[in-house]
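These are the residues of each chain, in order.
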Amino acid sequence: MSSGEQPETTERTDDADDRYTFEDVSVVMGTYNEEAAIGKVLVDIEDVTDGKAEVVCVDGSSDRTPEIAREHGATVIEQQPQGYGVAVHAAITEPDRPIVVTTDCDDTYPMEQLPEFLELLNQGYDVVSGDRLYHGAEAMPAFNRFGNHAFAAIASLLMGTRVHDTTTGMRAYRREVIESIEWTENTGLSAELLIRPLMRGYDIREHPIAYRERAGETKLDPLKGGAEIARSIIKVSLEERLRELPHEPTQ
């Protein structure tokens, strides 16, 4: 796994026809009462991708979020609110395009950096993970910022590989990575979406991203949510460690 400011120059292929474009991309998100931000996020995606990327929202809102999303051309899948991971799991497994990009709908993530993520996938990476903490994440509440550094330290220790931001919501995946793994977590899904691919040998790139102050109110209780994320990091890392152990053949 690697981390750095700029994409390298090695290409995925010499054939330009085989390079991924935004017509190969689905941008997906779970949405819950984000009417203050969802419109801007979708406009940013449309502007950056020239309207070529598909957008999928899995929504459990009681406000105008799904209406606004549909007005901007997004596919909206409605479900009863069951938590972050349930919504995002449905979102990442819905598209059939070869590239799946996750983001949040609160306008914290820089859609203008989507071309950088796509370029890194074209260079051969299987997963590109946005590193919010690289530039300091000053827009993030101090308690959350401390927690995210702690999560990264715990995950790094358990995996034996240094990671810098385990709970970022902005990542890009080759679809075969999504399809090859059984995802089990809810609140801690964001960490699981990094840990399992990394521990199974996929080529991961952490890439620095800007991070903005969110629009609207946060839905996650920092203490309860933080405890759930820490539990998921430990559980998933240990499960993957056990998976790596040789098994005795059955008689």
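Parameters at a glance
- Residues numbered from 1 in each chain as written.
- Predicted model: local features only at pLDDT ≥ 70, side-chain atom pairs only at ≥ 80, totals over all residues.
- Heavy atoms only, no water.
- Helix = DSSP H or I, 4+ residues; strand = E, 2+ residues; numbered from the N terminus.
- Polar contact = N/O pair within 3.5 Å; in protein donor to acceptor, adjacent residues only side chain to side chain.
- Contact = heavy atoms within 4.5 Å.
- Buried < 20%, exposed > 50% of the residue type's maximum accessible area, 1.4 Å probe, protein only.
- Pairing = 2+ DSSP bridges.
- Salt bridge = Lys/Arg side-chain N within 4 Å of Asp/Glu carboxyl O.
- Axes fitted to C-alpha atoms, helices over the stretch in contact; angles between N-to-C directions.
- Parallel < 35°, antiparallel > 145°, perpendicular 65-115°, else oblique.
- Left-handed = near helix turned anticlockwise from the far one by under 90°.
- Right-handed = clockwise from strand over helix to strand, strands pointing away.
- Phe/Tyr/Trp six-rings, centres within 6.5 Å; stacked < 30°, edge-to-face > 60°.
- Lys NZ or Arg CZ within 6 Å of the ring centre and 35° of its normal.
- Core = buried A, V, L, I, M, F, W, Y, C linked by side-chain atoms within 4.5 Å.

Colleague: Account for the side chain of Ser61, naming residues and giving values.
Modeller: Position of Ser61 relative to the elements: it lies in the loop between β3 (54–59) and α2 (65–71). Among the polar contacts made by the side chain of Ser61, one reaches the main-chain amide nitrogen of Asn33 at a distance of 2.6 Å. Among the polar contacts listed, one links the side chain of Ser61 to the side chain of Asp59, at a separation of 2.6 Å. Apart from residues lying up to four places away in sequence, Ser61 is in contact with Thr31, Tyr32, Asn33 and Pro66.

Colleague: Please set out the pairing of strand β8 (residues 204–208) residue by residue, giving values where relevant.
Modeller: The buried fraction of β8 is high, at five of five residues. Side chains of β8 alternate between two faces, with Ile204, Glu206 and Pro208 and Arg205 and His207 buried alike. Taken together, the five bridges between strand β6 (residues 127–131) and β8 define a ladder with parallel strand orientation. Each residue of the ladder has a partner; that of Asp131, found in β8, is Pro208.

Colleague: Requested: an account of the pattern of salt bridges, with residues and values cited.
Modeller: Oppositely charged side chains are able to pair whenever their charged atoms sit close together. Considering all chains together, one arrives at 23 salt bridges under this definition. Across the pair Glu67 and Arg64 runs a salt bridge, and its minimum N-O distance is 3.4 Å. Owing to a relative accessible area of 42%, Glu67 belongs among the partly exposed residues under this scheme. The partner of Arg70 in a salt bridge is Glu78, and the shortest N-O contact between them spans 2.9 Å. Look at Arg70 and you get partly exposed, because its relative accessible area is 42%. Each member of the salt-bridge network shares a partner with another, and the members are Glu185, Glu192, Arg196, Arg200, Glu228, Arg231, Lys235, Glu239 and Glu240.

Colleague: Explain the packing of helix α7 (residues 189–199) against helix α8 (residues 222–244) to me, using residue names and the numbers behind them.
Modeller: Where α7 contacts α8, the two axes come as close as 10 Å, and the packing angle between them is 15 degrees. When the interaxial angle is binned, α7 and α8 end up roughly parallel. Crossing angle aside, the handedness with which α7 passes α8 is right-handed. In this structure, α7 contributes Ala191, Glu192, Ile195, Arg196 and Met199 to the contact, and α8 contributes Ile233, Lys235, Val236, Ser237, Glu239, Glu240, Arg241 and Glu244.

Colleague: Kindly report on the pairing of β3, identifying the contributing residues and their values.
Modeller: Most of β3 is tucked away, with five of its six residues classed as buried. Read from strand β2 (residues 25–31) through helix α1 (residues 38–49) to β3, the crossover connection turns out right-handed. Both β3 and strand β4 (residues 75–78) contribute to a ladder of four bridges, which runs parallel. By the bridge assignment, Val56 is partnered in β4 with Thr75. Regarding topology, α2 serves as the crossover connection from β3 to the parallel β4, and that connection is right-handed.

Colleague: Account for the packing of aromatic side chains, with residues named and values stated.
Modeller: Under the counting rule described, the total for this entry stands at one aromatic pair. Of note, Arg132 hangs over the ring of Tyr211, and the distance from its end group to the ring centre comes to 5.7 Å.

Colleague: Go over the nonpolar core with me, naming the residues and quoting the values.
Modeller: With 31 residues, the main nonpolar core has Val25, Val27, Met29, Ile38, Leu42, Ile45 and Val55 as its most contacted residues. Listing elements by their share of this core, those giving two or more residues are β2, α1, β3, α2, β5 (99–102) and α4 (114–122). With five residues, the single largest contributor to this core is α4. Ile38 has contacts with Met29, Thr31, Cys57, Thr65, Ile68, Ala69 and Cys105, leaving out every residue within four places of it along the chain. By size, the runner-up hydrophobic cluster in this structure holds 29 residues, among which are Val58, Val88, Ile181 and Leu194.

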